[in-house]
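# Geometric and topological summary
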Amino acid sequence: MVRKKIELTDEPVDPGGQPETRTGEPLELGFFAWNIRGGMTMSKATLRNNDRERDFWKWPNSRRLVEQAEAIGFDYQVPFGRWVGSGGETDFNGAALDFLASAAATAPITSRMGLFSTCHITFKFHPLHIAKFGATIDHISNGRWGLNIVSGYQAQEMAAFGLDPISHDEAYEMAEEFTVLMKYLWTEPEPFDFEGKYYQSYGAVVEPRPTRRPRPVLMNAGMSTRGLTFGARNVDWIFTLAADLEGYRAKVDEAHSLAGKYNRSIRAATMSWVLPEATDELAQEKFEELRSEIDREALLGYARQLKGVDRWKDQESQELDDDPYAGLGREFYESYSLGFTSPQLVGSPETIAEKMRALHQEAGLESLLLCFEDPQKGLHTMEDDILPILRKMGLRR
Ligand SMILES: Cc1cc2nc3c(=O)[nH]c(=O)nc-3n(C[C@H](O)[C@H](O)[C@H](O)COP(=O)(O)O)c2cc1C
């Protein structure tokens, strides 16, 4: 029998259509960065309460966090995918549970929540690897696995894989071909051939196919127009960041209109860094403590990574070393350190719930992916204080 050959065109493809992603909650909630040292908090103040504020990722502590997140109603979990940490006294992000093993590990300890893996697809995986691994986790979890597709932006991480950096836009071109082939691998019942510019496959078939039909849920977190275009053409959820509510509204509208152009439907979301205390004053005090002890070395490490400077050999890094704000400017220096520039939800439960409401109702974001400064405390405060307010607001059932 002659094998089917997939013909590539410029049109986005969704063999079998897009999967249903709605859980029925007006504002869907995700639990983020539970798998990694320091989460999104680059402050030496976390060292004083190390087990809770920096090394919460260690199993079985992180196991309990994920179980608790599901028990109080979180809709999904997403790990933060990094291969090289940023250093500093906090060894920021220097240890992490891997993205596939952690999804597989959380499958049998949960029953309802979505389980994502975050994968840098440019780091020389073949789509067949991820299609097979993902289908397996989807099978084990009864259709709850999904993939956060990251193009990979750090020269140091590329170097760790022995790769030269590729340009930002080419990474998305590769990501697009990767995703198209992966979708066919999940949906074609018979072996087929595929000949792309970056990826080829002859006679592959993935069995068992994913349990969720037509395929697992895909998400992407692109900020640039190229990133957003990739998301609009290929995935189901777009995570984005903006400086304020108007900025978010514009990004959300842009994402929807891009997806509309391709006759696809996407949902827009963002991530947030959450620091709750009993009162706004107490939260501000804690925030100041974290801010006054920002781990500058870790931030320098991260700034070098962002700028594509190789920490180990590039002289350019001297310029960053000499700048008190690591070449980022004071505002970015602080917002990177405490939440990677995502909205900082700092305050009493009422203040935090109101900020969440505004992001949902005024900016049109359908989901918030939350990273707590202290996940254990954060989940308790969500359960006892914040979720009840969100329910009264009609944002949670
Ligand atoms: C919610 C969210 C999660 C992200 N997770 C990761 C991650 O785990 N690993 C990573 O390397 N990049 C991650 N990123 C960075 C994005 O993949 C992307 O590189 C960045 O947003 C820049 O967008 P651009 O590629 O359009 O310029 C994340 C971004 C956001 C907003």
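Residues numbered from 1 in each chain as written. Predicted model: local features only at pLDDT ≥ 70, side-chain atom pairs only at ≥ 80, totals over all residues. Heavy atoms only, no water.

The protein appears in an unreviewed UniProt entry as LLM class flavin-dependent oxidoreductase from Arthrobacter ramosus.

## What to know about helix α13 (residues 349-362)
For an α-helix the count is 3.6 residues per turn, leaving residues at separations of three or four pointing the same way. Formally: Working definition: helices are DSSP H or I runs of at least four residues, strands are E runs of at least two. Numbering for both runs from the N terminus. Here a helix's expected span is defined as the number of its residues, less one, multiplied by 1.5 Å. Only protein chains enter the accessibility calculation, which uses a 1.4 Å probe; a residue is then buried when its area is under 20% of its type maximum, exposed when over 50%, and partly exposed in between. Throughout, a residue-residue contact means that at least one pair of heavy atoms, one from each residue, lies within 4.5 Å.
Under the 1.5 Å per step criterion, the end-to-end length of α13 is 19 Å for 14 residues, consistent within 8% with the ideal 20 Å. Turning to α13, its buried residues number three or more, namely P349, I352, A353, M356, R357, A358, L359 and H360. Buried residues along α13 sit in contact with α8 (245-261), β10 (267-276), β11 (344-347), β12 (367-372) and α14 (375-392). G364 occupies a position one or two residues after α13 and carries a positive phi of about 80°.

## What about the pairing of strand β7 (residues 200-204)?
Operational definition: By definition, two strands form a pair when at least two bridges between them are found by DSSP.
Sheet topology places strand β6 (residues 192-195) next to β7; four bridges connect them, and they run antiparallel. Residue pairing in the sheet places F194 in a bridge with S201 of β7. With antiparallel pairing between neighbouring strands as the criterion, β6 and β7 make up a hairpin whose turn holds four residues.

## A short note on the site of the ligand
What counts here: Throughout this document, a residue counts as near a molecule or strand when at least one of its heavy atoms sits within 4 Å of that molecule or strand. Polar contact is the term for a pair of N or O atoms within 3.5 Å; when the atoms are in protein, one must be able to donate a hydrogen and the other to accept it, and sequence-neighboring residues count only if both atoms are side-chain atoms. Under this grouping Gly is polar, as are all residues other than the nonpolar Ala, Val, Leu, Ile, Met, Phe, Trp, Tyr, Cys and Pro and the charged Asp, Glu, Lys and Arg.
Around the ligand sit 17 residues in total, of which G81, H120, H168, Y172 and S224 are the nearest. Take G81: an N or O atom from its main chain is 2.7 Å from an oxygen atom of the ligand. Y172 places a side-chain nitrogen or oxygen 2.6 Å from an oxygen atom of the ligand. Looking at the shell around the ligand, the elements with two or more residues in it are β4 (114-120), β5 (145-150) and α6 (168-187). Residue classes in the shell around the ligand are distributed as nine nonpolar, eight polar and no charged.

## Observations concerning the side chain of Q68
In this fold, Q68 is placed in helix α2 (residues 61-71). By relative accessible area, Q68 is classed as buried at 16%. In this structure Q68 touches L379, H380 and E383, once residues within four positions along its chain are discounted.

## Observations concerning the environment of R296
Within the fold, R296 resides in helix α10 (residues 296-306). You can call R296 partly exposed: its relative accessible area is 25%. For the pair formed by R296 and S43, sequence separation is 253 residues and the distance between their alpha carbons is 8.4 Å. R296 has contacts with L320, D321, D323, P324 and Y333, leaving out every residue within four places of it along the chain.

## Things to note about the pattern of salt bridges
In a structure, side chains of opposite charge can pair up when their charged atoms sit close to one another. Put simply, the rule is: The term salt bridge refers to a pairing of a side-chain nitrogen on Lys or Arg with a carboxyl oxygen on Asp or Glu at a separation within 4 Å.
On inspection of all chains with the given rule, the structure shows 33 salt bridges. A salt bridge links E334 to R291; the nearest nitrogen and oxygen atoms lie 2.9 Å apart. Of the two residues, E334 sits in helix α12 (residues 330-337) while R291 sits in helix α9 (residues 280-292), which places them 43 residues apart along the sequence. With relative accessibility at 25%, the residue R291 sits in the partly exposed group. Salt-bridge contacts for R330 lead to E334; the nearest nitrogen and oxygen are separated by 3.1 Å. In this pair, R330 and E334 are both assigned in helix α12, four residues apart and thus about one turn of the helix distant. Taking the relative accessible area as the measure of exposure, R330 reaches 45% and is therefore partly exposed.

## Some words on the nonpolar core
We count it as follows: Working definition of a nonpolar core: buried Ala, Val, Leu, Ile, Met, Phe, Trp, Tyr and Cys residues. They are joined through side-chain atoms within 4.5 Å.
F74, M356 and M382 are the most contacted members of the largest nonpolar core, which has 76 residues in total. With residues near it in sequence (within four places) discarded, M356 still touches L27, L345, L368, L370, M382, I386 and L390. Of all hydrophobic cores here, the second largest spans 41 residues; its members include L185, F192, F194 and Y262.

## Thoughts on the pairing of strand β2 (residues 28-32)
The buried fraction of β2 is high, at five of five residues. Of the two faces of β2, the one carrying E28, G30 and F32 and the one carrying L29 and F31 are both buried. Sheet topology note: the β2/β12 ladder contains four bridges and is parallel. Its bridge partner being in β12, E28 is matched across the sheet by S367. The pairing of β2 with strand β3 (residues 76-78) spans three bridges and is classified as parallel. In the strand pairing of β3, F31 is matched with Q77.

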